[in-house]
Amino acid sequence: MQTRGILTVISGFAGTGKGTVVKGIMEKYEDYALSVSMTTRSPRPGEKDGESYFFVSREEFEKNIAENGFIEYAEYVGNYYGTPKAYVEKKLDEGKNVILEIEIQGAMNVKKLFPDAVLIFIMPPGADELERRLSGRGTETAEVIKKRMDRAALESEGIEDYDYIAVNDNVDDCVEAVNGIIRASRLKPAFNTSFIEKVRNDLKEKARRN
Ligand code: 5GP
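These numbers were taken from a predicted model, which means no experiment stands behind them.

A. Fine view of the domain arrangement of the protein. What the domain assignment reports for the protein is domain 1 (1-31 + 98-210) and domain 2 (35-94). If you average the C-alpha positions of domain 1 and of domain 2, the two centres end up 19 Å apart. Facing 24 residues of domain 1, the contacting portion of domain 2 comprises 16 residues. Both sides of the domain 1 and domain 2 interface together cover about 1700 Å² of buried area, and 60% of this is carbon and sulfur. Three residues, Arg4, Val98 and Arg148, lead the burial of domain 1 against domain 2; their summed loss comes to 29% of the area buried on that side. In this assembly, domain 1 and domain 2 are joined by two salt bridges.

B. Region of interest: the side chain of threonine 39. Note that threonine 39 resides in strand β3 (residues 38-39). Here threonine 39 falls in the buried class, since its relative accessible area comes to 0%.

C. Highlighting the sheet that holds strand β1 (residues 7-12). Strand order across the open sheet formed by five strands is β2-β7-β1-β8-β9, with parallel pairing between neighbours. The open sheet has two edge strands, β2 (32-34) and β9 (164-167), and neither has a second partner. Across the sheet, the mean angle from the axis of one strand to that of its neighbour is 30°, orientation sign disregarded. Where strand β8 (residues 118-123) and β9 come together, four bridges link them in parallel fashion. In the strand pairing of β9, phenylalanine 121 is matched with isoleucine 165.

D. Representation of the site of the ligand. Contacts to the ligand come from 16 residues, most closely from Ser37, Arg41, Tyr53, Tyr81 and Glu103. One of the side-chain nitrogen or oxygen atoms of arginine 44 is found 2.9 Å away from an oxygen atom of the ligand. The separation between a nitrogen atom of the ligand and a polar side-chain atom of glutamate 103 is 2.6 Å. Contact with the protein chains hides 95% of the accessible area of the ligand, taken as 510 Å² for the molecule alone. Because more than half of its atoms lie within 2 Å of the grid, the ligand is assigned to the largest pocket. Residue assignment for the shell around the ligand shows that the elements contributing at least two residues are β5 (70-76) and β6 (79-84). When its residues are assigned to classes, the shell around the ligand shows five nonpolar, four polar and seven charged.

E. A look at the nonpolar core. Judged by nonpolar contacts, the single largest core of 20 residues is most densely connected at Leu7, Val9, Val88, Val98, Leu100 and Val110. If you list the elements that add at least two residues to this core, you get β1, α3 (85-93), β7 (97-101), α4 (104-113) and β8. By residue number, the principal contributor to this core is α4, which donates three residues. Here this core gathers at least three residues from each of two domains, domain 1 (1-31 + 98-210) and domain 2 (35-94).

F. Highlighting the pattern of salt bridges. Enumeration according to the criterion identifies 20 salt bridges in this entry. For the salt bridge of glutamate 67 with lysine 63, the shortest nitrogen-to-oxygen distance reads 3.7 Å. A single burial state applies to glutamate 67 and to lysine 63, both of which are exposed. Beyond isolated ion pairs, a larger network of salt bridges with shared partners links Arg4, Glu89 and Asp93.

G. Molecular detail of the pairing of β1. In terms of residue burial, β1 counts as a mostly covered element, since six of its six residues are buried. Residues of β1 alternate between two faces, with Leu7, Val9 and Ser11 on one and Thr8, Ile10 and Gly12 on the opposite face, all of them buried. Taken together, the five bridges between β1 and β8 define a ladder with parallel strand orientation. Along β8, the bridge assignment pairs isoleucine 10 with isoleucine 120.

Procedures and definitions
- Think of each chain on its own: its residues are numbered from 1, step by step along the sequence as written.
- Under the rules for a predicted model, residues below a pLDDT of 70 receive no local features and side-chain atom pairs below 80 are neither given nor counted, while totals for whole chains, interfaces and linings still include all residues.
- Remark: hydrogens and water are excluded; side-chain values derive from all non-hydrogen atoms of the structure.
- Bear in mind that the domain bounds are from an automatic or database domain assignment.
- By the convention used here, residues are in contact when the closest approach between their heavy atoms is within 4.5 Å.
- Accessible surface is computed with a 1.4 Å probe, and the buried area is the amount of it that two parts give up when combined, taken over both parts together.
- Note on definitions: salt bridges are taken to be side-chain nitrogens of Lys or Arg within 4 Å of carboxyl oxygens of Asp or Glu.
- Only DSSP runs of H or I reaching four residues or more are called helices, and only runs of E reaching two or more are called strands; each is numbered from the N terminus.
- Each residue is placed in one exposure class: buried if its accessible area under a 1.4 Å probe, protein chains only, is under 20% of its type's maximum, exposed if it is over 50%, and partly exposed if it falls in between.
- A pair of strands is labelled paired if DSSP reports no fewer than 2 bridges between them.
- Axis angles are defined between N-to-C directions and span 0 to 180 degrees, where every axis is a line fitted to C-alpha atoms and, for a helix, only to the segment in contact.
- Consider each residue's heavy atoms; a residue with any of them within 4 Å of a molecule or strand counts as near.
- Between N or O atoms, a polar contact is any pair within 3.5 Å; within protein, one atom must be a potential hydrogen donor and the other a potential acceptor, and residues adjacent in sequence are included only when both atoms are from side chains.
- What sets the accessible areas is the Shrake-Rupley method with a 1.4 Å probe; for residues, cover comes only from the shown protein chains.
- Site definitions follow a grid-based scheme: protein atoms alone, a 1 Å grid, a 1.4 Å probe that fits but cannot get out for cavities, and for pockets an open set with protein on both sides within 12 Å along at least five of seven lines, plus lining residues having an atom within 4 Å of a point.
- More than half of a molecule's atoms within 2 Å of the grid points is what it takes for that molecule to sit in a cavity or pocket.
- Three categories are distinguished: nonpolar for Ala, Val, Leu, Ile, Met, Phe, Trp, Tyr, Cys and Pro, charged for Asp, Glu, Lys and Arg, and polar for the others, with Gly belonging to the last.
- Take the buried residues of types Ala, Val, Leu, Ile, Met, Phe, Trp, Tyr and Cys, join any two whose side-chain atoms come within 4.5 Å, and each joined set is a nonpolar core.

Given below as structure tokens:
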């Protein structure tokens, strides 16, 4: 069977709870690795450098761009966010399904570079619930909440470019939905060419001998 992991992109509007869903997958299953992005935004209370993100200056981020250190990067609400390349490649080679939790522009860039990547968009149950969740977080100003709701309206135009949606009404159900999508993707013939080829060749060899 194939050994390289599946590159999985998970996107969703800010406030959808996609971070909680990803955390749930990481806690429940062993064959996943989560890519830690680099960003120029300031840490929120409780966020740790190297865990939530690598928090860096604009200069440092731009140096990394120049050195071709990112799979993709994008500017989102005034800050840079990027996926460091080395870790992702290493974990895919180890057979882990690597999760990138990134916004839509980055997702589209990944799709271009890695046509086999599986793109999943986490949906809120509805727009009112999204607004409630964003306000309930309590860490953002009204202006930032408005910006993020506006951004959600824009991003909603791109959902059909993803391969799957998963609705985050209940976190456990959403974790199972996402895990199911990734497990099924791993079984696509395109990801298992050497295994299929081996069985086919063995069958032909047997047919020739009989
Ligand atoms: P936040 O500031 O709320 O942590 O993240 C803002 C947005 O940036 C989210 O949609 C998040 O998924 C996205 N994001 C985080 N890391 C990356 C990355 O490496 N690349 C891209 N393109 N988006 C990212």
